[in-house]
Amino acid sequence: MNNPQVIDVLVIGAGPSGTAVAIDLVRRGLDVRIVDRSPHAFDGSRAKGVQPRTLEVLEDLGALNDVLTGGSVYPKLGIHVGPLAVPWKMFSHKEATPDVPYANTWLIPQFRTDRALHARLSAIGSEIEFGTELTELTQDEDTVVAKVAGPDGRQEIVARYAVGADGGSSTVRKQLGIGFVGTTDESDRMLIVDASVTGLARNRWHMWPGRGGRFIGACPLPDSDMFQWMIRLTPDEEPPTEKDDILRRIHDHTHNRRIQLRDIRWTSVFRPNIRLAENYGRGRVFLAGDAAHVHTPAGAQGLNTGIQDGYNLGWKLGQVLAGADPALLDTYEAERQPIAAGVLGLSTDKWGGIAKLDPSSMKRGKDEQQLTLTYYGGPLAPSDGMRTGTLRVGDRAPDARLLGADGAETRLFDVLRGPDFTALAYGPGAARELEQLAWAPAGAQLKRLTVGPAATHGLTFSDPGNTLRRAYGLTGDTLLLIRPDGYIGHIATRDFLSTTQTAVQAMTPQARSRTMPQQSHPSPGSGATA
């Protein structure tokens, strides 16, 4: 416990948001530890919907293949009314397009998503310290000191920053004294059961509505014989805990005695918490995921919002640790808290609609997919900035299909992949200015990409199918700066160099000269192509 080594970042909590931020930090070459009080990885199906935007994030982080292997598209709903089962299309199945490579919400039990992220973290050289619980957290101007208790006894971890991703009952949030504003409805409870099932078709998400908004649902979990059962309890009902009692409850409601439960893997009683942290951090400690916001399960938003918290925070911590202005970290709350507030409203409305058996509440569309979420108008995306025909600063950067100088087709996302920034110059005027753009040697590096004329430095592509031109709304010379988290950091349709250099200053350590840096190299585990 005397003079422990100071690490860069301590992550507390190894769920999806904590592991996502840990992956992003480790691939930047930072010294990271991640601890979790649970003795092992989570075993339940709880958050089972991964949205298209999150699939893009998982691809960049290197965890997508395992997620795609372990899941499927959602089946249609089968709404049981007496002896009839009425099919209902909850999701409109969409085909992938050049700008949206993953067009559909992906059905996968949370334990598989967690393990995909854990496997990726292990592959890039970092292991989760399970069974390690935070007991005390203090900080000063330079460091955070965490006292933890684990398999090897008590120890002290000293870090330059810490991230609390330790769930809705977050110890980190409580240690910081940050309020968690909202409501918990103790009378509205749902029993969640993961069970192996026979006697029920697996091509439907079954729903048996009942009086007073009470219902039972059963969603088939891919690549298994399990269903996730959702049993909405009456206000004074004691949740059944034994298999026979749970099965009796299902039979009494569904009147289908062909249904049998062979094995129960996981159960939980859910209460609709609707809460938002008053602040997303204090000093050198930040909150992410359920530690910062909790939602109803309607619309599959919580896990997705949490992963994107980590994705937003990771590059900013990396930049500040490399010498950028610490004020960059203030933009984490400014960008992510309004997103969570909007998601809280969306999921709450959906949950209320389900209770009233409102069919529109069972529909899922672009609002849930999180592709249109934007930071426009925030501190890094001023509303008075330039724009293209389809994009504003702060919007998601779409994918596109381009041709390289060798004639091979590539996705823009393949070029963007990794922990760096990308500057994309469209047209000869923007390309000439891009070559003069100064970039700091420390922190995330810059990939220079031109579409059109060949460039002296960086990568040159063409857009014969106009997929980039259409998705990005390009009508003339344009210089775009794309942040490491895949959002537009700046758009210049004139004054390319001066306006871009100004935008860069808020996000990078300041370059001491206008010398041209060497082409960036992939960070460990980044999978970068340039």
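Above this text you will find the structure in question.
Residues numbered from 1 in each chain as written. Predicted model: local features only at pLDDT ≥ 70, side-chain atom pairs only at ≥ 80, totals over all residues. Heavy atoms only, no water.

### Examining the overall build of the protein
Secondary structure summary: the protein contains 13 helices and 28 strands in total. When each of the 530 residues of the protein is scored for burial, the buried share is 57%. Once local pairs closer than 6 in sequence are excluded, the contacts in the protein between residues at least 24 apart make up 70%. For the protein, the computed accessible surface area is about 21300 Å², with 49% contributed by carbon and sulfur atoms. (Helix = DSSP H or I, 4+ residues; strand = E, 2+ residues; numbered from the N terminus. Buried < 20%, exposed > 50% of the residue type's maximum accessible area, 1.4 Å probe, protein only. Contact = heavy atoms within 4.5 Å. Areas by Shrake-Rupley, 256 points an atom, 1.4 Å probe, with all protein chains shown as cover.)

### Some thoughts on the sheet that holds strand β28 (residues 488-492)
Sheet architecture is open: seven strands sit in the order β23-β22-β26-β25-β24-β27-β28, paired in mixed fashion. Of all strands in the sheet, those with a lone pairing partner are β23 (409-411) and β28, marking the two edges. Averaged over all pairs of adjacent strands, the angle between their axes in this sheet comes to 30 degrees, without regard to strand direction. As paired elements, strand β27 (residues 478-482) and β28 share four bridges and run antiparallel to each other. Across the sheet, Ile 482 pairs through a bridge with Ile 488, a residue of β28. (Pairing = 2+ DSSP bridges. Axes fitted to C-alpha atoms, helices over the stretch in contact; angles between N-to-C directions.)

### A short note on the environment of Ala 430
Locating Ala 430 in the fold gives a position in helix α11 (residues 428-434). Residue classification places Ala 430 among the buried positions, given a relative accessible area of 0%. Residues Ala 430 and Leu 480, spaced 50 residues apart in sequence, show a C-alpha to C-alpha distance of 9.2 Å. Every residue in contact with Ala 430, bar those within four places of it in the chain, is listed here: Ala 425, Asp 477, Thr 478, Leu 479 and Phe 496.

### Here's the deal with the nonpolar core
Ranked by internal contacts, the top residues of the largest apolar core, which has 110 residues, are Leu 10, Val 11, Leu 317, Leu 412, Leu 468 and Tyr 472. It is helix α7 (residues 302-321) that provides the largest number of residues to this core, a total of seven residues. Core analysis: the next-biggest nonpolar cluster, separate from the first, contains 17 residues, Ala 195, Ala 218, Trp 229 and Ile 250 among them. (Core = buried A, V, L, I, M, F, W, Y, C linked by side-chain atoms within 4.5 Å.)

### Remarks on the sheet that holds strand β12 (residues 180-184)
Taken together, the three strands give an open sheet; going across it, the order is β12-β18-β21, and neighbouring strands pair in antiparallel fashion. In this open sheet, the two edge strands, each paired with only one partner strand, are β12 and β21 (293-294). One ladder, built from five bridges, connects β12 with strand β18 (residues 273-277); its direction is antiparallel. Paired with Val 181 across the bridge in β18 is Leu 276.

### Here we look at the packing of helix α1 (residues 16-26) against helix α4 (residues 110-123)
When two helices pack together, their arrangement is given by the angle between their axes and by how far apart the axes lie. Interaxial distance between α1 and α4 falls to 9 Å at its minimum, and their mutual angle equals 20 degrees. With respect to each other, α1 and α4 are oriented roughly parallel. The hand of the α1/α4 crossing is left-handed. Where α1 abuts α4, its residues Pro 16, Thr 19, Ala 22, Ile 23 and Val 26 lie against Gln 110, Asp 114, Leu 117, His 118, Arg 120 and Leu 121. Tallied by class, the residues present in the contact of α1 with α4 amount to six nonpolar, three polar and two charged. (Parallel < 35°, antiparallel > 145°, perpendicular 65-115°, else oblique. Left-handed = near helix turned anticlockwise from the far one by under 90°. Nonpolar A, V, L, I, M, F, W, Y, C, P; charged D, E, K, R; others polar.)

### So, unusual backbone geometry
A positive phi is found at Asp 223, a non-glycine position, where the angle reads about 60 degrees. Mapped onto the secondary structure, Asp 223 falls in the loop between β15 (215-220) and β16 (226-232). With a phi close to 60 degrees, Asn 466 is a non-glycine residue in the positive phi region. By the secondary structure assignment, Asn 466 is in the loop between β26 (459-462) and α12 (467-472). Its relative accessible area of 32% is what places Asn 466 among the partly exposed residues.

### Comments concerning empty space enclosed by the protein
Per the stated rule, a full pass over the model turns up two cavities of 30 Å³ or more. Considering only enclosed or pocket space, the largest cavity measures out at about 160 Å³ in volume. Asp 60, Tyr 311, Phe 413, Leu 416 and Gly 486 are the residues nearest the centre of the largest cavity, which is lined by 16 residues in total. When contributions to the lining of the largest cavity are tallied by element, the ones reaching two or more residues are α2 (52-61) and α10 (412-416). When residues of the lining of the largest cavity are assigned to their parent elements, the largest contribution, four residues, is made by α2. Partitioning the lining of the largest cavity into residue classes produces six nonpolar, three polar and seven charged. Together, Arg 53, Gln 308, Tyr 311, Asn 312, Arg 336, Tyr 375, Asp 485 and Tyr 487 line the second largest cavity. (1 Å grid on protein atoms, 1.4 Å probe; cavity = no way out; pocket = protein on both sides within 12 Å on 5 of 7 lines; lining within 4 Å. Points joined across faces, edges and corners; volume = space filled by probe spheres on them.)

### Section: the pattern of salt bridges
Inspection of every chain in the model, using the stated rule, returns 23 salt bridges. With a shortest N-O distance of 2.9 Å, Asp 43 and Arg 115 are connected by a salt bridge. Of the two residues, Asp 43 is situated in the loop between β2 (32-36) and β3 (49-50) and Arg 115 in helix α4; the sequence distance between them amounts to 72 residues. Among the residues examined, Asp 43 registers a relative accessible area of 27% and is labelled partly exposed. Across the salt bridge formed by Asp 395 and Arg 392, the nearest N and O atoms sit 3.8 Å from each other. (Salt bridge = Lys/Arg side-chain N within 4 Å of Asp/Glu carboxyl O.)

### A few points about the environment of Ala 22
With respect to the helices, strands and loops of the structure, Ala 22 is situated in helix α1. By relative accessible area, which is 1% here, Ala 22 ends up buried. Residues Ala 22 and Val 9 lie 13 residues apart in sequence; the distance between their C-alpha atoms is 8.6 Å. In contact with Ala 22, not counting residues within four places along its chain, are Val 11, Val 32, Ile 34 and Leu 121.

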